[in-house]
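Inside the fold
Listed below are the residues making up each chain.
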Amino acid sequence: MEYAAGVKSFGGGRIVLEAPPAAVRELVERQAKTVRLIVPDPDKITPQQRNKIFALVSDIADYASGVRRGDKRRQREVLCALQLSYLIDTSDHEAVRERLTYHYCQLCGVDLFSLSERSPDAVSKSIAGDFIDWLVELCITCGVPCTDTLLNRCEDVTRYLYACVMHRTCAVCGKPADIHEWDRVGMGRDRDTIHHAGQRVQPLCRVCHGEAHDMGQQTFDELHHITWIRLTEEMCEKLGWKK
């Protein structure tokens, strides 16, 4: 079993590691005298990124499998949007991951990559992060229900907020959202006549919107580790708001 351990100190031919309790228990149970130490390449995919990818693919595969059991028209629409139309078994998570990886690489013009950091084709940290955000956007666009908030899975929060605003999806819980004005519209200002470009906003459902007002914006942001995004003229045009 592999575990990640923190380096506390090193020098004089000794390294002091801080390992998780499970690793310590296994070492004691097996009476291990030696361990294999792998120093990660800082430019390669991280274990956290790998876990995010597997979790996103798992949610996408489970959703696609459920759609396959629905009506044929809905099935075609969703599988086409997920770019899984030609995959026979969407319950095979590894096959789904390979298919999505292929589509991402074709779209972005990058070589096919491996998620194993020991592989000669190991994906870089930057491409892995972009792949994660692409999968997150795919989940938002197709309405894929996820086992954890995508706010915890995205790499680029601003990119995530942009996708949530454009698809009116709550950035906290994933439910249908309204556009919450981070800078509140004051007394005497009409939302239908004011210019929205440049305003700071958050896409929040009614429940989360009320929570932000009740506890205060700063407390809400700190609780959910969320920030705001500033509306551009392009975003206003797509939303049908006055620029």
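Details of the structure are given in the entry above.
Once a new chain begins, its residue numbering starts again from 1 and follows that chain's sequence as written. It should be noted that, the model being predicted, local features are given only for residues of pLDDT at least 70 and side-chain atom pairs only at 80 or more, the latter also being counted only at that level, while totals for whole chains, interfaces and linings use all residues. Working from all heavy atoms in the structure, the side-chain values ignore hydrogens and water.

**What to know about helix H6 (residues 157–166)**
Residue pairs three or four apart in sequence face the same way in an α-helix, which turns once every 3.6 residues. For clarity, the threshold we go by: Each residue is placed in one exposure class: buried if its accessible area under a 1.4 Å probe, protein chains only, is under 20% of its type's maximum, exposed if it is over 50%, and partly exposed if it falls in between. Per the convention used, a helix needs a DSSP run of H or I reaching at least four residues, while a strand needs a run of E reaching at least two, with both numbered from the N terminus. Whether two residues are in contact is decided by their heavy atoms, any of which lying within 4.5 Å being enough. Between N or O atoms, a polar contact is any pair within 3.5 Å; within protein, one atom must be a potential hydrogen donor and the other a potential acceptor, and residues adjacent in sequence are included only when both atoms are from side chains.
Among the residues of H6, Tyr-160, Leu-161, Ala-163, Cys-164 and Val-165 are the ones counted as buried. In this structure, the buried side of H6 is in contact with helix H5 (125–142), strand S3 (178–181), strand S4 (200–204), strand S5 (229–230) and helix H9 (233–239). With a side-chain oxygen positioned 3.1 Å from the backbone nitrogen of Thr-158, the residue opening H6 is Asp-156. A positive backbone phi angle near 50° is found at Arg-168, which sits one or two residues after H6.

**A short note on the sheet that holds S5**
Test applied: Here, strands pair whenever DSSP counts at least two bridges between them.
Spatial strand order, S3-S4-S5: three strands in an open sheet with antiparallel pairing. The sheet is open, and its two borders are formed by S3 and S5, each paired with just one other strand. Both S3 and S4 contribute to a ladder of four bridges, which runs antiparallel. Note that in S4 the partner of Glu-181 across the bridge is Val-201.

**Quick word on unusual backbone geometry**
Its identity as a non-glycine residue notwithstanding, Arg-168 has a phi of 50°, on the positive side. With respect to the helices and strands, the residue Arg-168 is situated in the loop between H6 and S3. A positive phi is found at His-225, a non-glycine position, where the angle reads about 55°. Turning to its location among the elements, His-225 is positioned in the loop between helix H8 (217–224) and S5.

**A look at the packing of H5 against H6**
The criterion, for reference: For helices, the fitted line uses only the C-alpha atoms of the stretch in contact; every axis is such a line through C-alpha atoms, and the angle between N-to-C directions lies from 0 to 180 degrees. Small angles under 35 degrees read as roughly parallel and large ones over 145 as roughly antiparallel, with 65 to 115 read as roughly perpendicular and the rest as oblique. Two helices cross in a left-handed way if the nearer one is turned anticlockwise from the farther one by less than a right angle. They cross in a right-handed way if the turn is clockwise.
Taken N-terminus to C-terminus, the directions of H5 and H6 make an angle of 15°; their axes are 10 Å apart at the nearest point. Here H6 runs roughly parallel to H5, going by the angle between their axes. The handedness of the crossing between H5 and H6 comes out as right-handed. Contacts from Asp-130, Asp-133, Trp-134, Val-136, Glu-137 and Ile-140 of H5 reach H6 at Arg-159, Tyr-160, Ala-163 and Cys-164.

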